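Notes for the structure review
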Amino acid sequence: MSLAPTSIVLSSPSPSNWDPENVSFPEEFAWGASTAAYQIEGGWDADGKGPSVWDTFTHQGGDRVFKNQTGDVACGSYTLWEEDLKCIKQLGLTHYRFSLSWSRLLPDGTTGFINQKGVDYYDTAIDSLLANGVTPVVTLYHFDLPQHLEHQGGWRSGAIVAAFDAYAQFCFRTFGDRVKLWLTINEPYVLATLGYEEGVMAPGIKELGTGAYQSAHNMIKAHAVAWHSYNQLFRKKQGGLVSIALNSDWAEPFDPNSPADQEAAKRHMAFCLDWFATPIFLDGDYPAIMKSKISAVCKRQGIPSSRLPEFTDAEKMMIKGTADFFALNYYTSRKMKHQENTNAQPSMSADKEAEEVTDPSWPVASGSSWLAVVPWGLRRLLKYIKDTYNHPIIYITENGFSQSDPAPLDDTQRWEYFKLTLQEILKAIYIDGVQLKGYFVWSLLDNFEWTCGYRSRFGLFHVDFENPALPRVPYKSAIEYAKVVANNGLVKSQE
Ligand code: PNW
């Protein structure tokens, strides 16, 4: 069954007939949806899978996750892959982004033992996507580090770089004959700040002022080393592309007339996106704003050398230019106000000397308190990426809006948010000249939304987690998104 109506040909844009609901997206635009292994698969110890840091974190309880829920079962995608495929086909997607569970493939994180059942699972998924004309986009690592590697220091240890490279090479060798679009690490910003600095996500490490910088340092190196491995060992034969999925807010000054707030907004961008994008896309090193601010704050705190680690010259050379396209996850925008750091206690959030101020006029997605809905912020962010990072090819690898459980299947409001977002994307493409090649909704399915558990629902398909069969049912947004995909554009409603 397809949810899509017969295709309607839309006119191409010209300034005189500009109507975002009557304009086609560029030819070959990638229409996708995204998921991540721990959030959907379940089967946490099935068929020889090793534990990941998320298995450990959720099994420890302690009310760090809503109702102490776990991903033990989640959407059951490990056994219900065919159901996911049906959803993908109903939407008519051209692309599907999912992640590999590192410890399902390599139970202790090393290539010392390979779990063939895990390889079989992803082989089936990849082959059936391709058989249905859907291009797989594969994230190597989406937050679920093998627990064995965390025991050895995880991302705080430099040893992780070689371990990640070995895993990446294993994946390129095993799946790269069929997978041509790769993402190494999902959202190093979220992982570093929430996993290793504030400790609210797995592995729950709270090391304020150092944890995020140290872990991010190793993530950047691991990404770069894996990119070079692909480049040297696989690119010629396999012909694919490798990048890293960077999430970013868009930051506006709280008071647009205050130079201090304007600087605060710039610093928010530096500490969020540029932290990773400057080294990888520009010059191999951290943004100057970040380096000077952190070292100034450290001096005031009586800390002799900066808490931000430094790359050697050889590392800078190695890191620079290690992405074949720009993969952006966008959810929200923030208004930033200058906030002088008078705190003796080090922390990354205080280093930034910028404080977020909520704008009460921005609607908030009902399932996520942090998600203010600001579609025009995405357009500005895309323009910023174009101007700052040499006009790269961009894919939006995640964007979405959550509802709170119980979530109505008639999610008209949410579809409004998607529509406004797609209109801003059209402006970015046709007015601002951004080279945007694809858009992926987060997420295909309602799933385990990390610390919010199953309460926060981002899916295009509703999943009934109370029913052991875990049935998937389309929200209205799924039906509308299928029309957009089929028409390669928004269509005026027929009412
Ligand atoms: C992303 N924030 O995480 C992840 O890639 C997904 O796994 C996740 O389900 C999705 O966005 C929705 O949350 C984020 O606090 C987690 O700003 C937190 C934030 C942003 C993104």
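Scoring rules and cut-offs
- Residues numbered from 1 in each chain as written.
- Predicted model: local features only at pLDDT ≥ 70, side-chain atom pairs only at ≥ 80, totals over all residues.
- Heavy atoms only, no water.
- Buried < 20%, exposed > 50% of the residue type's maximum accessible area, 1.4 Å probe, protein only.
- Helix = DSSP H or I, 4+ residues; strand = E, 2+ residues; numbered from the N terminus.
- Pairing = 2+ DSSP bridges.
- Near = heavy atom within 4 Å.
- Polar contact = N/O pair within 3.5 Å; in protein donor to acceptor, adjacent residues only side chain to side chain.
- Areas by Shrake-Rupley, 256 points an atom, 1.4 Å probe, with all protein chains shown as cover.
- Nonpolar A, V, L, I, M, F, W, Y, C, P; charged D, E, K, R; others polar.
- Salt bridge = Lys/Arg side-chain N within 4 Å of Asp/Glu carboxyl O.
- Axes fitted to C-alpha atoms, helices over the stretch in contact; angles between N-to-C directions.
- Contact = heavy atoms within 4.5 Å.
- Bend = angle between axes of the 7 residues up to and from the residue.
- UniProt positions renumbered as here; feature names shortened; annotations may be inferred.

Under an unreviewed UniProt entry, the name given to the chain is Cytosolic beta-glucosidase, and the source organism is Anolis carolinensis.

Bringing the pairing of strand S12 (residues 436-442) into the picture now. Among the seven residues in S12, six count as buried, and that is most of the element. Summarising the sheet, strand S1 (residues 30-34) and S12 pair through five bridges and their orientation is parallel. Residue pairing in the sheet places Gly32 in a bridge with Phe440 of S12. Here three bridges tie strand S10 (residues 394-398) to S12, and the two strands are oriented parallel to one another. Bridge pairing in S12 places Tyr395 opposite Gly438.

As a further point, take the site of the ligand. In the vicinity of the ligand, the contacting residues are Gln39, His142, Asn186, Glu187, Tyr331, Arg334, Trp370, Glu398, Trp442, Glu449, Trp450 and Phe458. Contact distances for the ligand include 2.9 Å between an oxygen atom and a side-chain N or O atom of Glu398. In the complex, the protein chains occlude 90% of the 450 Å² of accessible area that the ligand would expose alone. Here the residues of the shell around the ligand are counted per class, giving five nonpolar, three polar and four charged.

Turning our eyes to something else, we now look at the pattern of salt bridges. Applying the stated rule across the entire model yields 31 salt bridges. Where Asp84 meets Arg472, a salt bridge forms, and the shortest distance between an N and an O atom there is 2.7 Å. One end of the pair, Asp84, is in helix H3 (residues 81-91); the other, Arg472, is in strand S15 (residues 472-474), and 388 residues separate them in sequence. Here Asp84 matches Arg472 in class, with each residue buried. One network of salt bridges, with partners in common, ties together Asp123, Asp127, Asp177 and Arg178.

The strand order around the closed barrel built from eight strands is S1-S2-S3-S4-S5-S7-S10-S12, with neighbouring strands paired in parallel fashion. Taken over all neighbouring pairs, the strand axes of this sheet differ in orientation by 25° on average, direction set aside. Pairing between strand S7 (residues 326-329) and S10: four bridges, direction parallel. Counted as the bridge partner of Ala327 is Tyr395 from S10. Relative to the sheet, helix H7 (residues 160-175) contacts strand S3 (135-141) and strand S4 (181-186), its axis offset from that of S3 by approximately 160°. Contacting S1 and S12, helix H16 (residues 476-487) crosses the sheet at an angle of about 150° to S1.

What follows deals with helix H9 (residues 211-238). Given 3.6 residues per helical turn, the α-helix brings residues three or four places apart onto the same face. The sharpest bend along H9 reaches about 45° and sits at Gln232. Of all 28 residues making up H9, 20 are buried, and the element is well covered by its neighbours. A positive backbone phi angle near 65° is found at Gly239, which sits one or two residues after H9.

The subject of this paragraph is the UniProt feature "active site" (unreviewed entry) in the chain. In the UniProt entry, the feature "active site" (unreviewed entry) is given for Glu398. Among the secondary structure elements, Glu398 is positioned in strand S10. Residue Glu398 is classed as buried on the basis of its relative accessible area of 3%. Apart from residues lying up to four places away in sequence, Glu398 is in contact with Ser34, Arg97, His142, Asn186, Glu187, Leu328, Asn329, Tyr330, Tyr331, Phe440 and Trp442. Only 3.2 Å separates the side chain of Glu398 from the side chain of Asn329, close enough to count as a polar contact.

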